[in-house]
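# Descriptive structure summary
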Amino acid sequence: MTPRIAALDSGTYYHHRTLYEPRYRGFFDGIIYTRDLGTIPLDDYDTLIVSCRTDPSVLIGHRDKFAAFLDSGRTLVVMGSTGPGEWLSDVEWHFTPTNFWWWKEGGSLGLHVTAPDHPLFDHITLADATWHHHGHLIVPDGAVSLIDVGDLGSILYDDTVSSKGRKIVTTLDPMYHHGSHFMPATTRFLDGFLPYLKGLAPAK
């Protein structure tokens, strides 16, 4: 059985291109305008994606709804620049300066895969997750970091221990860049990440 996926739409041009244009539209069984979140039931969905750069002030009032979604055994995907520490328990995000020009300076972002056997890496490579990152995350005890930045912490982790459900949390913002028509790695990331989500076992 294929999981049913919903994604939040803030009404931005980059969400529109990612969620509604043909390349990815078939992955989403529901698209929920963020300001309607309070009135939309989530019972029909196995996975909810909190899309990149969703204003956290819109999400804070729905803390209980996100917690209930996880407590029902479902999957919450938290994308970059959504301020998850403000509206989701067990998420610890730390600011780090964003280096937008490392690729022109001949340097490195210092990213490395920490769980190469994780099924996500059947769909993406490290290069597909390498453009820049907005901060780093402290991984909860028992959760699995998939990509670390140096020895600071994680930029992408998979948490099946902090709740009855699953949290996939990242500081990456592929929807923004795909929707803005620049940084090809972000499109490659979505090309692999969304099929990976469609392959997860649905909530029981």
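Provided above is the structure to which this section pertains.
Our subject in this report is the structure included herewith. Just so it is clear, the structure is predicted and the values come from calculations on it, not from any experiment.

### Thoughts on unusual backbone geometry
- Unusually for a residue other than glycine, arginine 53 sits at a positive phi of about 60°.
- Inspection of the secondary structure puts arginine 53 in the loop between β3 (47–50) and α3 (56–59).

### Focus: the pattern of salt bridges
- Enumeration according to the criterion identifies 8 salt bridges in this entry.
- One salt bridge in this structure joins arginine 53 and aspartate 173, with 2.9 Å as the shortest N-O distance. One end of the pair, arginine 53, is in the loop between β3 and α3; the other, aspartate 173, is in the loop between β10 (166–170) and α6 (174–179), and 120 residues separate them in sequence.
- Overall, arginine 53 belongs to the partly exposed group, its relative accessible area being 26%.
- Look at aspartate 173 and you get buried, because its relative accessible area is 0%.
- A salt bridge links arginine 188 to aspartate 128; the shortest N-O distance between them is 2.7 Å. Pair noted here: arginine 188 is in helix α7 (residues 184–198) and aspartate 128 is in the loop between β6 (111–113) and β7 (136–138), with a separation of 60 residues, a long-range link.
- We classify arginine 188 as partly exposed; its relative accessible area is 37%.
- For aspartate 128, a relative accessible area of 10% corresponds to the buried category.
- Connected through shared salt-bridge partners, Arg4, Asp29 and Lys198 make up one network.

Conventions used here
Residues numbered from 1 in each chain as written. Predicted model: local features only at pLDDT ≥ 70, side-chain atom pairs only at ≥ 80, totals over all residues. Heavy atoms only, no water. Helix = DSSP H or I, 4+ residues; strand = E, 2+ residues; numbered from the N terminus. Salt bridge = Lys/Arg side-chain N within 4 Å of Asp/Glu carboxyl O. Buried < 20%, exposed > 50% of the residue type's maximum accessible area, 1.4 Å probe, protein only.

Nothing here speaks to function; it is all geometry.
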